[in-house]
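Chain by chain, the residues run as shown.
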Amino acid sequence: MAHFDENAKPFSHKWLDERLAVDTLDRVLSTEYWIPKNINFLWAMGMILAATFGLLLVSGIFLLMYYQPNTATAFDSVNYTIMSEVGYGWLWRHIHGVGASVVFLIIYIHMFTGIYYGSYKRGRELIWLSGMLLFVTFSAEAFSGYMLPWGQMSYWAGMVITNLFSGGSLHANGLVEWIRGDYVPGQAFLNRFFMLHVLLLPLAIIGLIVLHFGTLRIPHVNNQDGEEFDFEEAARLYKEGNVKESKVIPFKPVFLSKDVFVMGVYFIAFFYLVFYHFEFAMDPVNFDPANGLKTPTHIYPEWYFLWSYEILRPFSTNIGLIAFAIAQVIFLTLPFLDRSPNVAPASRRGAFKYWFWFMLLDMIVLTFMGKLPPQGIWSTVGLIAALIFMALWIALPFITKNEKKL
Amino acid sequence: MKELKIFGIVIVFTLVLYWGVEPFAHSQMHKHVEGDGFAYSDLKAVTVKGDAKRGETLAAACIGCHSIEAKSMPAPMNAVASAEAYGVNPPDLSMAGALLDEKYLTHFLLNPAEVTKSKHFAMPPSAGSEQDAADIVAYLQSFAPKEVKPKEAYEFACGRCHANRYGNWTQIGDVPKTKSNIKTGVDLDALKFQGNLGIYQNKLADYMGKLPPDLSIIIRARSEHFLETLIEDPQSQLPGTAMPRVGVTKEGFEKVREYLEETGDPSKPARESIGKWVILFFVGFTILAFFWKKEKWHGHH
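Residues numbered from 1 in each chain as written. Chains lettered and ligands numbered in written order. Predicted model: local features only at pLDDT ≥ 70, side-chain atom pairs only at ≥ 80, totals over all residues. Heavy atoms only, no water.

Draft legend 1. Focus on the overall build of chain A. A count of helical and extended segments in chain A gives 16 helices and two strands. A globule of 406 residues ought to have a C-alpha radius of gyration of about 22 Å, and chain A, at 24 Å, matches this closely. If you line up chain A on its principal axes, its C-alpha atoms span 70 × 60 × 45 Å. Split into buried and exposed, the 406 residues of chain A put 53% on the buried side. Across chain A, contacts joining residues at least 24 apart in sequence account for 77% of those joining residues at least 6 apart. For chain A, the accessible surface area stands at approximately 18400 Å², while carbon and sulfur atoms represent 68% of it. Here chain A contributes 28 positively and 30 negatively charged side chains, and the mean placements of these two sets differ by 7 Å. (Helix = DSSP H or I, 4+ residues; strand = E, 2+ residues; numbered from the N terminus. Rg over C-alpha atoms; globule rule 2.2 N^0.38 Å. Buried < 20%, exposed > 50% of the residue type's maximum accessible area, 1.4 Å probe, protein only. Contact = heavy atoms within 4.5 Å. Areas by Shrake-Rupley, 256 points an atom, 1.4 Å probe, with all protein chains shown as cover. Lys, Arg positive; Asp, Glu negative; His and termini not counted. Charge placed at Lys NZ, Arg CZ, Asp CG, Glu CD.)

Written out as structure tokens, the structure is:
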């Protein structure tokens, strides 16, 4: 039985510490959570993602108070009630819409930072895997949210994406109908995507964020040189006051002070987009109400899904579906396909350097082609880019196996 | 500095990405339509000068179908009966002289189907000569108001085919305020209005081929350039559409656009006034954060 001081005032520091170990928590989670000093602003992307998720959560709660998940009223509850009648409803919606788009930009930056610096191996595999699971759940969250305004693009994107589950030649139409709850997207469809968007997926995301943070604690954050050093020794130096010689800084307040600064710069850009340049995140086609009798001329997903959409599109149905399925999960295998023991920036890793930049450029090309109508030269470029994507993944184990040990 | 170089690389890739999925993709997806600035340059210049006095006499033919409220001339039939007779309710002509282009209107009176580019246009040719047409136009202009309100422009130019539910507008007028029976909850007047609207919309759909869309939020569904060129000449953006060329002036279009913005994007003024303060707040926040960071990192390198 622990000792409790009977004279401690309720909710005083001592009282709380005896019951919650707040001092230990603060030490373990922030003041003695050591971060390498040798980092750049890209190391702040995690906190920026957390902040953006916070904005999405808060704005989502406000929107939820007026949104109506009903095929007859959903469109107007968003575009009229929230946009014209609710005080600052437009602001919450624009924050939510822009946030949903920008969060993916930051996720991609965060991901490619991890790939560039090799932050997914030698003890950091679970950081990568939990991060990729977050990417998958964020994708599902974004897609389900996109259904809710019940505009033309909601309806037709819902139609196209759920159709994928028929599995091409498998003709698993029963599965598609089971997912939709109907033959075509309708009330049952809207209701279940509403549930997924506001309950199940956010719960999964919050759980995965906790896991993602947890996976960081023991292997520690990587640094700009992939240098491995004794954290305990570095921490001892720091605590002794040799902050200049020590290779680490505490999460609070030193690392946090830089995070907050980077966040400030980010918020300037973010709110500029919210107020003056939100069109990129709110597709015009979705301002036409859903109409099952009128297919839009161009159906395309939001920009962050375009690269994988383009891996689906240039092939015949069955091959396309298989390629698409592989593209969805291939990044999860990165820590195991990279056979090199080196944890270092890509620039020092020989052939991997080219692999990294080719992958990045190829995914940008795929993204461009995914939005363009699949005609003429565009479909050829798309096909080549999709093949290069596959080839790069096949090549990865071979080029990393032959990598010189640093 | 290395960190700034990395920042530059991230920014460049982000901008390239943006360029590819937004401006470039949209330039490839939508055909480019060059506007004419509402000059109606396909129509010949009118060489004769209109005489409003003579026009007034000639306009006697107009009021068989049209009302001119500015001259206290009522409509011969209500909107629903008009739709049953012609397929659509003919507009009140009080503002025609203010909103329609003079050259367009003159040619329109001579040959409505050709000038509107709408083969089944309900109105027959209504002037015997260019002089007659010019006279009627001069007459319509003689009482046209100097200033037209955005909603009035919408009603005249679009509102008899296109509802605007966010603006409370239907093809047969504003949705009236009615009361339901307190014991039953039945609102007979509203039901009657809906019934009339239904008859009108059915007739209109027969006339146009389909019910023209509600334009509540069209300002966000289409680009301004699309709307401008579409209204100037519907065939340019939607070849084969039943929508007639209306013939509004540049100012008339601006009024219509203003109304569409009021109903479809009412937060624009608030956005523009609040936005700079929010951004200014975060600039201040960032400056403070910078000094905090500087202080905390002092002596670390």
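There's plenty left to go through after this.
Draft legend 2. Quick look at the overall build of chain B. Helix and strand counts for chain B stand at 14 helices and two strands. A compact globule built from 301 residues should have a C-alpha radius of gyration of about 19 Å, whereas chain B, at 26 Å, is more than 25% larger. When the backbone C-alpha atoms are referred to their principal axes, chain B occupies close to 95 × 65 × 35 Å. Residue burial in chain B is summarised as follows: out of 301 residues, 44% are buried. Within chain B, residue pairs in contact and separated by at least 24 positions form 71% of the contacts whose partners lie at least 6 positions apart. In the structure as shown, chain B presents an accessible area of about 16100 Å², 61% of it carried by carbon and sulfur atoms. Within chain B, the 36 negative side-chain charges are centred at a point lying 7 Å from the centre of the 34 positive side-chain charges.

Draft legend 3. Focus on the interface of chain A and chain B. Between chain A and chain B, the contact holds 58 residues from the first and 50 residues from the second. Both sides together, the interface formed by chain A and chain B hides about 5200 Å², and carbon and sulfur atoms give 74% of it. Across the chain A-chain B interface, the total number found is four salt bridges. Residue arginine 222 of chain B pairs with aspartate 288 of chain A through a salt bridge whose shortest N-O separation is 2.8 Å. Contributions of two or more residues to the side of chain A that touches chain B are made by α4 (74-85), α5 (89-117), α11 (251-276) and α15 (351-371) of chain A. If you tally residues by element for the side of chain A that touches chain B, the top one is α11 of chain A, at 15 residues. (Buried area = accessible area lost by both parts, 1.4 Å probe. Salt bridge = Lys/Arg side-chain N within 4 Å of Asp/Glu carboxyl O.)

Draft legend 4. Expanded view of the side chain of serine 130 of chain A. All names here are of chain A. By the element assignment, serine 130 lies in helix α6 (residues 125-147). Exposure remark for serine 130: the relative accessible area of 2% places this residue in the buried category. A distance of 2.8 Å separates a polar side-chain atom of serine 130 from the backbone oxygen of leucine 126. Apart from residues no more than four positions distant in its own chain, serine 130 is found in contact with Leu211, His212 and Thr215. (Polar contact = N/O pair within 3.5 Å; in protein donor to acceptor, adjacent residues only side chain to side chain.)

Draft legend 5. Highlighting the packing of aromatic side chains. Under the defined criterion, the tally for this structure stands at 63 aromatic pairs over all chains. Consider the rings of tryptophan 303 of chain A and tyrosine 304 of chain A, whose centres lie 5.6 Å apart with planes at 80 degrees: the pair is edge-to-face. Neither tryptophan 303 of chain A nor tyrosine 304 of chain A differs from the other in exposure class; each is buried. Taken together, the ring pairs connect Tyr88, Trp90, Tyr266, Phe267, Phe270, Phe271, Tyr272, Phe275 and Tyr276 of chain A together with Phe281, Phe282 and Phe285 of chain B into an aromatic cluster. Cation over ring: lysine 258 of chain A sits above tryptophan 297 of chain B, and NZ or CZ is 5.8 Å from the ring centre. The ring of phenylalanine 352 of chain A is capped by arginine 349 of chain A, whose NZ or CZ atom sits 3.9 Å from the centre of that ring. (Phe/Tyr/Trp six-rings, centres within 6.5 Å; stacked < 30°, edge-to-face > 60°. Lys NZ or Arg CZ within 6 Å of the ring centre and 35° of its normal.)

Draft legend 6. Structural context of helix α5 (residues 102-110) of chain B. Among the nine residues that make up α5 of chain B, seven are buried, leaving the element largely enclosed by the rest of the structure. What α5 of chain B keeps buried is the set Lys103, Tyr104, Leu105, Thr106, His107, Phe108 and Leu109 of chain B.

Draft legend 7. Structural context of the domain arrangement of chain A. All names here are of chain A. Parsing chain A into structural domains produces domain 1 (23-296) and domain 2 (300-406). Each partner contributes residues to the interface: domain 1 has 35 residues there, and domain 2 has 34 residues. Across the domain 1 to domain 2 interface the summed buried area is about 3200 Å²; carbon plus sulfur atoms make up 68%. Three residues, Phe112, Tyr116 and Lys121, lead the burial of domain 1 against domain 2; their summed loss comes to 21% of the area buried on that side. Counting every contact that joins domain 1 to domain 2 gives two salt bridges. One salt bridge in this structure joins aspartate 225 and arginine 348, with 2.5 Å as the shortest N-O distance. Connecting domain 1 to domain 2 are 13 residue pairs in polar contact (both at pLDDT 80 or more). Put simply, the parts of the chain that give the side of domain 1 that touches domain 2 at least two residues each are α5 and α6. Ranked by residues supplied to the side of domain 1 that touches domain 2, first place goes to α5 with 10 residues. (Domains from an automatic or database assignment.)

Draft legend 8. Representation of the nonpolar core. Phe104, Phe270, Phe331 and Phe389 of chain A are the most contacted members of the largest nonpolar core, which has 176 residues in total. No other element matches α5 of chain A, which puts 17 residues into this core. Taken together, domain 1 (23-296) and domain 2 (300-406) of chain A each give at least three residues to this core, which thus spans both. Discounting residues that sit within four places of it in the chain, phenylalanine 104 of chain A has contacts with Phe135, Phe138, Ser139, Ala142, Trp303 and Tyr304 of chain A. Of all hydrophobic cores here, the second largest spans nine residues; its members include Ala83, Val88, Tyr200 and Tyr207 of chain B. (Core = buried A, V, L, I, M, F, W, Y, C linked by side-chain atoms within 4.5 Å.)

Draft legend 9. Spatial organisation of the environment of tyrosine 66 of chain A. All names here are of chain A. The topology assignment puts tyrosine 66 in the loop between α3 (45-64) and α4. Residues tyrosine 66 and leucine 190 lie 124 residues apart in sequence; the distance between their C-alpha atoms is 16 Å. Apart from residues lying up to four places away in sequence, tyrosine 66 is in contact with Ser77, Thr81, Ile82 and Val86.

Draft legend 10. Quick peek at the side chain of threonine 400 of chain A. All names here are of chain A. Inspection of the secondary structure puts threonine 400 in helix α16 (residues 376-401). Since its relative accessible area comes to 0%, threonine 400 is described here as buried. There is a polar contact of 2.9 Å between the side chain of threonine 400 and the backbone nitrogen of arginine 339. Non-local contacts of threonine 400, meaning those with residues more than four positions away in its chain, are made with Leu337, Asp338, Arg339, Ser340, Arg349 and Phe352.

Draft legend 11. Layout of the packing of α15 of chain A against α16 of chain A. Residue and element names in this part refer to chain A. Between α15 and α16, the least distance of the axes is 9 Å, while the angle of their chain directions is 155 degrees. Judged by the angle between their axes, α15 and α16 are roughly antiparallel. As for the relative orientation of α15 and α16, their crossing is left-handed in sense. The segment α15 lies against α16, with Ala351, Phe352, Trp355, Phe358, Met359, Asp362, Met363, Val365, Leu366 and Met369 engaging Trp378, Val381, Gly382, Ala385, Ala386, Ile388, Phe389, Leu392, Trp393, Leu396, Ile399 and Thr400. (Axes fitted to C-alpha atoms, helices over the stretch in contact; angles between N-to-C directions. Parallel < 35°, antiparallel > 145°, perpendicular 65-115°, else oblique. Left-handed = near helix turned anticlockwise from the far one by under 90°.)

Draft legend 12. Broad picture of the packing of α5 of chain A against α11 of chain A. Residues and elements named next belong to chain A. Relative orientation of the contacting elements α5 and α11 amounts to 125 degrees, with a least axis distance of 9 Å. In this view, α5 runs oblique relative to α11, as classed from their interaxial angle. Between α5 and α11 lies a crossing of right-handed hand. Between α5, through Trp90, Leu91, His94, Ile95, Val98, Gly99, Val102 and Ile106, and α11, the contact on the second element is made entirely by Tyr266, Phe270, Phe271, Leu273, Val274 and Phe275. Here the residues of the contact of α5 with α11 sort into 12 nonpolar, two polar and no charged. (Nonpolar A, V, L, I, M, F, W, Y, C, P; charged D, E, K, R; others polar.)

Draft legend 13. Expanded view of unusual backbone geometry. All names here are of chain A. That bond from lysine 252 to proline 253 is cis: its omega, 0 degrees, falls within 30 degrees of zero. Examined against the element boundaries, proline 253 turns out to sit in helix α11. One non-glycine residue, tryptophan 150, lies in positive phi territory at about 55 degrees. Using a relative accessible area of 6% as the deciding quantity, one classes tryptophan 150 as buried.

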